[in-house]
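Fold and geometry: a report
One letter stands for each residue in the lines below.
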4 protein chains.
Amino acid sequence: MSFNSFGHLFRVTTWGESHGPALGATVDGCPPNIPLDETMLQVWLDKRKPGQNKFTTQRQEADQVEILSGVFEGKTTGTPIQLMIRNTDQRSKDYGDILDKFRPGHADITYWQKYGIRDHRGGGRSSARETAARVAAGGVARAVLNVLMPDLRILGYMVQMGDKHIDRDLVDLAEITNNPFWAPDAKAADVWAKYLNDLRKSGNSVGAVVEVIASGVPAGLGAPVYAKLDTDISSAMMSINAVKGVEIGAGMGAAELTGEDNADEIFMGPDGPVYSSNHAGGILGGISTGQDVVCRFAVKPTSSILKPRKTITKSGEETEIITKGRHDPCVGIRAVPVGEAMMACVLLDHILLHRGQVGENQGQIG
Amino acid sequence: MSFNSFGHLFRVTTWGESHGPALGATVDGCPPNIPLDETMLQVWLDKRKPGQNKFTTQRQEADQVEILSGVFEGKTTGTPIQLMIRNTDQRSKDYGDILDKFRPGHADITYWQKYGIRDHRGGGRSSARETAARVAAGGVARAVLNVLMPDLRILGYMVQMGDKHIDRDLVDLAEITNNPFWAPDAKAADVWAKYLNDLRKSGNSVGAVVEVIASGVPAGLGAPVYAKLDTDISSAMMSINAVKGVEIGAGMGAAELTGEDNADEIFMGPDGPVYSSNHAGGILGGISTGQDVVCRFAVKPTSSILKPRKTITKSGEETEIITKGRHDPCVGIRAVPVGEAMMACVLLDHILLHRGQVGENQGQIG
Amino acid sequence: MSFNSFGHLFRVTTWGESHGPALGATVDGCPPNIPLDETMLQVWLDKRKPGQNKFTTQRQEADQVEILSGVFEGKTTGTPIQLMIRNTDQRSKDYGDILDKFRPGHADITYWQKYGIRDHRGGGRSSARETAARVAAGGVARAVLNVLMPDLRILGYMVQMGDKHIDRDLVDLAEITNNPFWAPDAKAADVWAKYLNDLRKSGNSVGAVVEVIASGVPAGLGAPVYAKLDTDISSAMMSINAVKGVEIGAGMGAAELTGEDNADEIFMGPDGPVYSSNHAGGILGGISTGQDVVCRFAVKPTSSILKPRKTITKSGEETEIITKGRHDPCVGIRAVPVGEAMMACVLLDHILLHRGQVGENQGQIG
Amino acid sequence: MSFNSFGHLFRVTTWGESHGPALGATVDGCPPNIPLDETMLQVWLDKRKPGQNKFTTQRQEADQVEILSGVFEGKTTGTPIQLMIRNTDQRSKDYGDILDKFRPGHADITYWQKYGIRDHRGGGRSSARETAARVAAGGVARAVLNVLMPDLRILGYMVQMGDKHIDRDLVDLAEITNNPFWAPDAKAADVWAKYLNDLRKSGNSVGAVVEVIASGVPAGLGAPVYAKLDTDISSAMMSINAVKGVEIGAGMGAAELTGEDNADEIFMGPDGPVYSSNHAGGILGGISTGQDVVCRFAVKPTSSILKPRKTITKSGEETEIITKGRHDPCVGIRAVPVGEAMMACVLLDHILLHRGQVGENQGQIG
């Protein structure tokens with residue numbers, strides 16, 4: 001219900017601004033007795049950390065997470081876990097130009113219109129820095145999943161930058177960590193590198209599509225009608241900065257399919273149902289089938305660019321703006337670990353919800 | 001938090017199955033003193049009603065809504081409004097074949113796997129009949145919007161059936177009610193009519209894309225970070241049966257844009273900011289800009305088709321299934337009024353939330 | 001979050017007015033596969049039903065409950081259960097006098113001040129008739145508890161009417177159903193009968209204290225800090241019409257105890273910890289101990305009395321009011337099954353919450 | 001829904017343990033543009049601070065609050081406010097004895113039974129230190145109330161210690177800050193001082209009753225049926241450590257009243273309705289009348305006492321326990337500012353809820 005919280009039983013509230021002293025997440029409802037320490041979270045934060053190569057913002061942040069509560073002698077206690085990340089490299093002067101001007105395509109103007117006050121430094125609360133807190137919370141979710149559902153795997157990667165798609169036939173998941181784009185296709189990564197370098201030098205930016213899959217998800221997660229698994233995944237992904245579209249399985253492409261083509265046929269495997277295809281993205285009627293859960297989301301290009309754009313000032317005068325500062329030419333890159341984190345949180349939440357309402361038993365087939 | 005509820009202050013809980021005695025919605029948090037009677041709701045239900053032409057299911061339901069509480073002498077009292085719609089044409093024998101077999105692409109199997117019990121008659125709770133309750137609730141939301149925000153308009157229409165798109169240059173909103181597809185392009189409607197008729201006769205079905213726009217939306221609705229206006233719209237739309245993708249503004253296409261192209265430039269109009277374009281779909285940073293709010297969603301094809309598909313039975317035997325009965329060859333058609341209803345509920349909810357947190361005043365420009 | 005809902009996982013939303021066509025409850029989050037039919041609910045409604053003797057309102061209502069959804073072939077399906085009770089004996093003319101005058105001690109004036117509109121017939125939504133819906137929902141909770149926790153017992157009874165207390169030394173729980181007051185002390189019942197008869201004849205009314213105990217509650221239910229078991233019980237009871245105070249265990253009397261007296265000493269029994277006393281009312285730190293959960297609440301006297309009281313009209317004129325109609329001289333009597341129902345709902349909700357967060361395992365002692 | 005959160009629109013989540021590095025509160029939904037800095041919160045924390053005299057725990061904590069987010073240039077921004085208080089005087093060795101033994105009357109045993117793990121240091125999450133976070137959050141609520149409703153006043157004080165009551169005829173609110181007990185009756189304060197000193201020296205403790213009143217509350221706050229103002233106040237107070245009973249207005253004493261006595265008669269004053277008495281405690285039907293909102297709650301005696309009590313160990317052996325360390329002989333004293341803080345949060349939440357659903361207008365009388 002709260003504006004800055006998500007989840008039902010595993011509930012995450014994030015707080016903090018880009019240039020305030022710190023930001024973080026309060027994680028409530030975590031199961032007890034789960035091994036957890038800061039190094040287990042840091043590994044995920046390091047994936048999202050800025051300044052790792054020339055394709056991400058040059059802001060230098062250690063993104064060191066501190067656990068302030070909810071963990072005792074290396075294990076969760078079932079009480080709220082406070083995760084704090086200090087901001088250390090707040091170069092606020094970079095933002096002087098946006099004190100009075102609104103960046104087109106940015107939340108500057110709407111925060112002002114809504115609240116009549118806005119922390120303009122680095123976008124304040126609307127900054128993508130907020131996603132560091134989600135990644136930390138996602139790390140807690142992963143630690144719990146490791147215990148409750150050790151076969152569950154979550155993997156994110158980029159499948160499109162600008163109009164350049166990966167070649168699905170060349171996908172090799174082992175490639176994902178071999179390039180700065182989390183691309184599962186080495187050739188695409190090369191193309192993207194040249195493309196983005198040119199854009200970056202010209203002071204421009206570009207959008208991207210990220211895919212997140214979860215395998216080893218048990219059948220039966222989710223619920224009709226407004227807490228469907230895909231409903232919760234789509235709102236989780238849409239809540240990430242700059243996301244403008246979300247797809248499950250065949251996604252927008254489902255519109256082009258006939259019923260005959262779309263119906264993933266069902267066969268009986270050694271451990272239960274198996275399917276001929278996965279247009280459903282692992283979810284039918286809002287409930288997981290046991291197939292891979294497949295989600296994609298589109299990230300728009302950063303609006304903080306060096307290209308001059310027409311805009312207005314707070315006093316209503318028309319003007320132009322160039323946004324200097326340290327910005328990501330393709331925010332989609334750093335959205336990959338964020339998408340993974342959101343998937344982890346949503347899946348864990350639904351595992352707990354299912355256990356709460358239904359218990360361990362489920363309908364058997366065969 | 002509840003599985004069958006949505007909304008924060010204007011909160012809707014739906015209930016009921018396809019072939020039970022009735023279904024409905026409990027609407028809580030409605031402002032008081034709003035003129036409301038059953039005829040004001042019926043007009044929206046009649047748009048969604050089945051059996052109106054050969055392109056929708058031939059099930060005959062009057063979808064007559066009864067207001068059981070929350071309205072006194074023609075006005076809302078601020079207490080919960082119970083909306084009940086009786087089911088009258090439950091031809092359950094049609095569903096005999098799906099008692100033991102799971103339809104591929106349908107919730108049959110996941111409801112069983114989750115709960116170990118399932119009302120197989122007409123899909124039970126997973127039936128698109130549930131959306132009648134949303135449309136009734138949306139009618140309540142529209143009645144409130146009429147009073148609180150009389151210039152706000154919500155309009156839905158189909159923009160794609162199968163791989164056949166409307167021509168954006170030929171759009172005439174007046175055409176929408178002139179054809180059975182809610183198409184704003186008369187030529188596209190003709191093409192779709194032939195296409196769908198052929199599919200229908202062959203026992204097949206097809207997907208579609210629906211667009212819903214809201215104009216006259218004030219700037220400032222929405223909230224960071226997890227109650228963003230687009231987050232709530234996307235989960236509202238994704239919760240509609242058969243929806244597999246949701247887009248705001250440029251949507252998935254935002255991935256192809258550069259920052260220069262994507263930034264909707266801002267100018268000063270007589271009544272406040274105006275924009276050169278609307279890639280943002282009327283929402284920046286989760287908060288409305290005052291431009292049209294633009295949402296699209298893709299609906300997959302009905303999985304209840306006459307084409308034989310491979311499947312399994314509850315006892316795990318492999319078999320084939322043909323789904324007889326009365327089904328929509330393109331459920332996207334009837335999803336149009338449902339999308340409108342969800343938009344109405346989400347916008348009203350955010351109007352109340354904004355008024356609650358911020359009050360009437362907002363940041364001024366100029 | 002909703003105004004007319006309570007519960008976290010087992011969530012109840014009630015709706016309906018005293019003199020509208022019907023009232024009811026939507027029960028969401030109920031575990032599946034629980035045997036349930038209308039007769040199982042009717043037994044509880046019959047305990048609360050008006051007009052059963054001269055000590056309760058003479059309104060004649062069958063309070064027949066209909067299950068409209070969520071149950072299939074005699075078992076819950078896990079989807080929302082709609083429970084509807086039709087109003088049949090709405091003698092609205094009885095209420096003509098309160099159309100313009102506000103009853104002192106009644107919600108008439110505050111509903112008007114809040115909403116600017118009010119269904120004056122029988123108190124509208126503020127009527128104690130709303131509690132019929134809770135009792136029906138409580139019946140669903142009991143059906144689930146029977147399956148999940150068959151040893152759990154919930155029992156309510158009156159312990160005080162006016163200034164007349166039961167004698168704790170004479171308590172015999174078997175007496176509870178032998179008198180119209182749910183008194184566990186036959187002598188007190190006799191005293192109350194004479195006392196209330198006199199009050200009733202003089203057109204007056206009186207308050208009462210109801211106690212509800214639950215035995216067989218497992219240790220570990222509840223949660224820190226704001227979803228404590230006692231927090232949820234106290235809000236559940238305080239939400240019942242006319243309740244002005246709630247106590248757990250020693251209750252307000254805890255203020256008079258020293259730490260030495262208050263500390264329930266712990267010993268080791270054959271099946272785990274046992275206690276020398278139960279000042280805690282079965283709850284420590286918001287979490288159940290395994291002892292009886294003990295709750296008491298005070299119900300104020302009905303404000304609808306024949307004694308003339310000074311009041312004002314809607315137009316602000318000073319006047320007097322006598323409330324004719326059919327009212328309970330001691331609403332505490334009919335609050336007994338309502339308190340039981342609320343206890344059942346809260347305990348089941350916390351059983352599901354515990355199972356969701358923690359699972360089946362708990363900390364062992366010994 | 002969350003275990004460690006309360007409130008609907010003004011939503012507070014607290015976190016932290018007695019002996020962890022820090023504790024705090026995340027305040028979400030705060031209206032924007034409200035003047036706020038740390039000194040405005042510190043004044044309330046200083047009232048609750050331990051170690052101020054011999055009648056409270058001798059633990060020395062500065063309870064210095066830091067605002068980590070949500071405030072910009074001295075004003076709230078409408079985004080979440082993170083309030084952090086570092087723990088500085090964690091003398092954990094004091095607690096060595098309770099590592100394996102459960103204190104009777106304390107949450108030690110139930111946390112263990114629920115979670116199978118427990119931070120035994122100082123009671124961990126169950127410590128009354130958690131209330132420091134509430135007081136900080138309450139300070140935010142007060143800052144907002146100052147702007148939105150400047151005439152609203154909240155005042156808490158002790159009315160009973162052990163069996164020693166204040167004399168209502170001697171009440172002088174100016175006395176409250178003249179004694180260490182927040183007693184509004186100077187004579188009672190003297191009696192309590194001697195009484196508590198003796199108890200303290202003997203290693204014992206005692207309970208108390210605290211009263212909190214709010215004046216200047218507008219009519220119309222609250223809502224039927226489960227978000228009643230008194231429902232939310234009672235759960236807020238019952239969530240405070242050691243509270244075992246809550247009363248509104250006449251409270252448990254309402255049971256002794258007749259309808260004639262209980263009905264607060266209504267007259268017409270210059271600014272609207274006035275009442276002959278306030279048995280209702282300012283709330284009718286869950287909605288405020290405009291009279292003083294009056295709440296009382298009973299606090300049980302501290303269970304950490306020097307008197308030996310029988311108990312068991314984690315391994316199930318029977319033993320005795322004496323709790324050394326630094327404990328409050330009467331926790332009711334420090335519960336006074338906590339009760340005030342909870343009242344402030346609940347009232348603000350309902351002001352925002354009312355504004356959200358109903359807007360500024362209300363039903364007029366006269």
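Calculation rules
- Residues numbered from 1 in each chain as written.
- Chains lettered and ligands numbered in written order.
- Predicted model: local features only at pLDDT ≥ 70, side-chain atom pairs only at ≥ 80, totals over all residues.
- Heavy atoms only, no water.
- Helix = DSSP H or I, 4+ residues; strand = E, 2+ residues; numbered from the N terminus.
- Rg over C-alpha atoms; globule rule 2.2 N^0.38 Å.
- Buried < 20%, exposed > 50% of the residue type's maximum accessible area, 1.4 Å probe, protein only.
- Contact = heavy atoms within 4.5 Å.
- Buried area = accessible area lost by both parts, 1.4 Å probe.
- Salt bridge = Lys/Arg side-chain N within 4 Å of Asp/Glu carboxyl O.
- Polar contact = N/O pair within 3.5 Å; in protein donor to acceptor, adjacent residues only side chain to side chain.
- Pairing = 2+ DSSP bridges.
- Axes fitted to C-alpha atoms, helices over the stretch in contact; angles between N-to-C directions.
- Nonpolar A, V, L, I, M, F, W, Y, C, P; charged D, E, K, R; others polar.
- Phe/Tyr/Trp six-rings, centres within 6.5 Å; stacked < 30°, edge-to-face > 60°.
- Least-squares fit on C-alpha atoms with pLDDT ≥ 70 in both.
- Left-handed = near helix turned anticlockwise from the far one by under 90°.
- Disulfide = S-S within 2.5 Å.

1. Considerations on the overall build of chain A
Within chain A, the secondary structure is distributed over 7 helices and 18 strands. For 366 residues, the compact-globule formula gives about 21 Å, and the C-alpha radius of gyration of chain A, at 21 Å, lands near that figure. Expressed as lengths along the three principal axes of its C-alpha atoms, the size of chain A is roughly 70 × 50 × 40 Å. Counting the 366 residues in chain A, one finds 70% classified as buried. Considering only intrachain contacts with a sequence separation of at least 6, the fraction spanning at least 24 residues in chain A is 70%.

2. Quick notes on the interface of chain D and chain C
Taken together, the contacts link 114 residues of chain D with 113 residues of chain C. Around 9200 Å² of area is buried between chain D and chain C when both sides are counted, 61% of it from carbon and sulfur atoms. There are 2 salt bridges connecting chain D and chain C. In this structure, C:Glu265 and D:Arg309 form a salt bridge, with 3.7 Å as the shortest nitrogen-oxygen distance. Scanning the region where chain D abuts chain C turns up 57 residue pairs in polar contact (both at pLDDT 80 or more).

3. A word on the sheet that holds strand S1 (residues 5-6) of chain B
Residues and elements named next belong to chain B. One open sheet holds the 5 strands; their spatial order is S1-S2-S3-S7-S4, and the pairing between them is antiparallel. Bordering the open sheet on either side are S1 and strand S4 (65-67), each of which pairs with just one other strand. The strands touched by helix H1 (residues 38-48) within the sheet are S4 and strand S7 (81-86), with S4 carrying the most contacts at an inclination of about 150°.

4. Notes on the interface of chain C and chain B
Listed as interface residues are 43 residues of chain C and, on the opposing side, 43 residues of chain B. Of the roughly 3400 Å² buried at the junction of chain C and chain B (both faces included), carbon and sulfur atoms supply 64%. At the boundary of chain C with chain B, the tally comes to 13 residue pairs in polar contact (both at pLDDT 80 or more). Of all the elements in the fold, those that place two or more residues in the side of chain C that touches chain B are strand S2 (11-16), strand S3 (22-28), strand S6 (75-76), strand S7 (81-86) and helix H2 (108-115) of chain C. The greatest single-element share of the side of chain C that touches chain B, amounting to 5 residues, is contributed by S2(C). Its residues placed into classes, the side of chain C that touches chain B shows 15 nonpolar, 19 polar and 9 charged.

5. Section: the sheet that holds strand S16 (residues 293-299) of chain C
Ordered in space as S9(C)-S8(C)-S10(C)-S16(C)-S11(C)-S11(D)-S16(D)-S10(D)-S8(D)-S9(D), the 10 strands form an open sheet in which the pairing is antiparallel. Two strands close off the open sheet at either side, each with one partner strand: strand S9 (164-165) of chain C together with strand S9 (164-165) of chain D. Strand direction decides the pairing type here: strand S11 (residues 243-248) of chain D and strand S16 (residues 293-299) of chain D, joined by 5 bridges, are antiparallel. Bridge pairing links D:Val246 to D:Phe297 in S16(D). Sheet strands touched by helix H5 (residues 229-238) of chain C: strand S11 (243-248) and S16 of chain C together with S11 of chain D. Its angle to S11(C), the strand with the most contacts, is close to 155°. Across the sheet, helix H7 (residues 332-357) of chain C lies against strand S8 (153-161), strand S10 (208-215) and S16 of chain C, angled at about 145° from S8(C), the strand it touches most.

6. Overview of the packing of aromatic side chains
Residue and element names in this part refer to chain C. The final tally for this structure, using the stated rule, is 13 aromatic pairs over all chains. Pairing Tyr 111 with Tyr 115 gives two aromatic rings, centres 6.0 Å apart and planes at 70°, and the pair type is edge-to-face. With Tyr 111 and Tyr 115 both in helix H2, this residue pair falls 4 residues apart, about one helical turn. Residue Tyr 111 shares its accessibility class with Tyr 115, and that shared class is buried.

7. A look at the relation of the copies chain C and chain B
Expressed as a screw operation, the relation of chain C to chain B combines 0.0 Å of axial shift with a rotation of 180°, fitting to an RMSD of 0.0 Å. With respect to symmetry, the two chain copies, as superposed, fit the operation of a two-fold axis.

8. Re the pattern of salt bridges
In the structure shown here, the tally under the stated rule is 67 salt bridges over all chains. We note a salt bridge from B:Asp119 to B:Arg121, for which the minimum N-O separation is 2.8 Å. Its relative accessible area of 7% is what places B:Asp119 among the buried residues. Across the pair D:Arg103 and D:Asp108 runs a salt bridge whose closest N-O atoms are separated by 2.8 Å.

9. A word on the packing of helix H5 (residues 229-238) of chain B against helix H7 (residues 332-357) of chain B
Residue and element names in this part refer to chain B. At their nearest, the axes of H5 and H7 sit 10 Å apart, and the two run at 150° to each other. Relative to H7, the crossing made by H5 is right-handed. Contacts from Leu 229, Asp 232, Ile 233, Ala 236 and Met 237 in H5 reach Gly 339, Met 342, Met 343, Val 346, Leu 347 and His 350 in H7. The residue inventory of the contact of H5 with H7, partitioned by class, reads 8 nonpolar, 2 polar and 1 charged.

10. Some points on the state of the cysteines
All names here are of chain A. Within the structure shown, the criterion is met by 0 disulfides over all chains. The closest cysteine sulfur to the non-disulfide-bonded Cys 345 is located on Cys 30, 10 Å from its own sulfur. Among the residues examined, Cys 345 registers a relative accessible area of 1% and is labelled buried.

None of the figures reported here should be taken as evidence of function without further support.
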